[in-house]
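The lines below spell out each chain.
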Amino acid sequence: MKGGIEIIIKPDGFVLTAGRGSLIEELSPDEADVGVALASFAKDHDLRGGTVNLFLAEELVYTATFDLPASTPHLGDAVRFQLGMLAPFPEQDILSGYVAARDGDSYRVTISAARAGQVISVVEQLIRAGFVVKGIYPESQRYLTGKWRKLRWALVMPGRLAKIFIFDGSRLVDRLLSKDDDLRYDELTKACATENIFHRNPPSGEKFKPIQMLLAAAPLLKDYNMLPASYRRRDYLKIAIVALAVLNLVGLIALGGFRFVEQAARIDKADREIARLEPLVHEVIETKKRIRQTEDFLDLVGQLKGNPDIFPFLENLTRTLPEGSYLNQLRINVSEGTAVIKGFTDNVGELTERLQSVGETRLQSTSRRRNQTYFQVEISLP
């Protein structure tokens, strides 16, 4: 069935769906076991595929964008280091995925993160029920298909804060937030620079495209997979052994089947030897990984050029932001000793006045977006 089985995890429950929305069943948050419920759903609808994709409602996902130098070694470890400082979740309770795009002499990194607790519980319930979880994605990725690969388009996801995702083909290029529930199509076409705007619950009288148009094809699901590696069902050693066995079998058939038993015995022996060595190999890999992470962490700390006040600076910045102000981007330039913040505020005067207590503040630019002021401010690090 096109698109396979999907589960949408919402703040108030779960949605089981297959056939890209042609089959739907909703579960309350107090359902005893999602895996058992999905097994019953699959049986009732004669669904034979055992793989599942999970999608997190955008209200459950934290998204941030920041820049890293193009010379950054081990980009993944550097992103996790930044995530630990920026994400509003405890470091041991984070699921995350990211995309890094080269932008001149830096990487523009966009991360998606969510709390791990409830989501991992659902993953484990599904595995116990015999399903294979392929990935965990923000819900917006569910609507990203190959059909719009060559066009600029936008997606509106209503909620406590409406989220507008702007895509250039299959690449997310911007993300806007709005407190306004009554978003106007004409205004969004200017803000998003496209007339191809899809809306999950389009208001009557507006020209938004229905989101069902995006469900006509299977999702690409290339970016922002938050499923931890330990839950991903892919054994490269076994795949290599199977591929080797197939190649050997084809060769034996071509040669008239000579030495088939001998080759099979060798493969079986190699399989047992690999199984014996595999735990040792994984232990060595994990040890090297921990050593590399420690070295990279020390390198990153060294790049702070002896400025240990950067962490109190971030904490002070969070406390100082006035009511009605929030950030959506933070970029720290250690070499220049500055931080650039971007976000929305109800009162830019109060914002800049209060930020003076954090460090020397320079207002770089402002613009008006959806009845709020979008600001860019540079602050000198202490």
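A brief report on the enclosed structure follows. These numbers come from a predicted model, not from an experiment.

Rules behind the numbers
Residues numbered from 1 in each chain as written. Predicted model: local features only at pLDDT ≥ 70, side-chain atom pairs only at ≥ 80, totals over all residues. Heavy atoms only, no water. Helix = DSSP H or I, 4+ residues; strand = E, 2+ residues; numbered from the N terminus. Buried < 20%, exposed > 50% of the residue type's maximum accessible area, 1.4 Å probe, protein only. Areas by Shrake-Rupley, 256 points an atom, 1.4 Å probe, with all protein chains shown as cover. Core = buried A, V, L, I, M, F, W, Y, C linked by side-chain atoms within 4.5 Å. Contact = heavy atoms within 4.5 Å. Phe/Tyr/Trp six-rings, centres within 6.5 Å; stacked < 30°, edge-to-face > 60°. Arc of directions from axis to C-beta. Polar contact = N/O pair within 3.5 Å; in protein donor to acceptor, adjacent residues only side chain to side chain. Pairing = 2+ DSSP bridges. Axes fitted to C-alpha atoms, helices over the stretch in contact; angles between N-to-C directions. 1 Å grid on protein atoms, 1.4 Å probe; cavity = no way out; pocket = protein on both sides within 12 Å on 5 of 7 lines; lining within 4 Å. Points joined across faces, edges and corners; volume = space filled by probe spheres on them. Nonpolar A, V, L, I, M, F, W, Y, C, P; charged D, E, K, R; others polar.

Structural notes on the overall build of the protein chain
Logical step 1: Helix and strand counts for the protein chain stand at eight helices and 17 strands.
Logical step 2: For the protein chain, buried positions account for 43% of its 382 residues.
Logical step 3: As displayed, the protein chain has an accessible area near 20,900 Å², and 52% of this comes from carbon and sulfur atoms.

Things to note about the nonpolar core
Logical step 1: Grouped together as the largest cluster of nonpolar side chains are 32 residues, with contacts concentrated most on Ile-7, Leu-38, Leu-54, Leu-126 and Ile-136.
Logical step 2: Setting aside anything within four residues of it in sequence, one finds Leu-54 in contact with Ile-7, Ile-9, Val-122, Val-123, Leu-126, Val-133, Gly-135, Ile-136 and Tyr-137.
Logical step 3: Listed in part, the 29 residues of the second largest apolar core include Leu-75, Ala-87, Ile-94 and Leu-314.

Here's the deal with the packing of aromatic side chains
Logical step 1: Per the stated rule, a full pass over the model turns up seven aromatic pairs.
Logical step 2: Plain terms: the ring middles of Trp-148 and Phe-198 are 5.0 Å apart, the flat faces sit at 80° to each other, and that makes the pair edge-to-face. With Trp-148 in the loop between β8 (132-138) and β9 (152-157) and Phe-198 in strand β12 (residues 197-199), this residue pair connects regions lying 50 residues apart in the sequence.
Logical step 3: Under the relative-accessibility criterion, Trp-148 is labelled buried at 9%.

Concerning helix α8 (residues 348-355)
Logical step 1: When α8 is considered as a whole, its buried residues turn out to be Leu-351, Thr-352 and Leu-355. Buried residues of α8, viewed axially, fall in a sector of 90°; they line one side.
Logical step 2: The backbone nitrogen of Gly-349 has a side-chain oxygen 3.1 Å away, supplied by the residue at the start of α8, namely Asn-347.

Section: the pairing of strand β4 (residues 51-56)
Logical step 1: Most of β4 is tucked away, with five of its six residues classed as buried.
Logical step 2: Both strand β1 (residues 5-10) and β4 contribute to a ladder of five bridges, which runs parallel. Of the residues in β4, the one forming a bridge with Glu-6 is Asn-53.
Logical step 3: Two elements, β4 and β8, share six bridges in a ladder whose sense is parallel.

Remarks on the sheet that holds β1
Logical step 1: With mixed pairing, five strands are arranged side by side in an open sheet as β3-β2-β1-β4-β8. Two strands close off the open sheet at either side, each with one partner strand: β3 (23-27) and β8. Strand-to-strand twist across the sheet, computed as the mean angle between neighbouring axes with direction ignored, equals 20°.
Logical step 2: Here strand β2 (residues 13-18) pairs with β3 via five bridges, running antiparallel. Each residue of the ladder has a partner; that of Ala-18, found in β3, is Leu-23.
Logical step 3: Strand contacts of helix α1 (residues 34-44): β1, β2, β3 and β4, with the helix running at about 30° to β2, the strand carrying the most contacts.

Structural notes on the layout of surface pockets
Logical step 1: Put simply, the second largest pocket is a space of about 940 Å³.
Logical step 2: Lining the second largest pocket are 30 residues, and of these Tyr-62, Leu-86, Pro-88, Tyr-326 and Leu-327 lie nearest its centre.
Logical step 3: For the lining of the second largest pocket, the elements supplying multiple residues, two or more each, are β5 (62-69), α2 (75-86), β11 (171-178), α7 (310-320) and β14 (326-333).
Logical step 4: Tallying contributions element by element places α7 first for the lining of the second largest pocket, with six residues.
Logical step 5: Among the residues making up the lining of the second largest pocket, the classes are represented as 17 nonpolar, seven polar and six charged.

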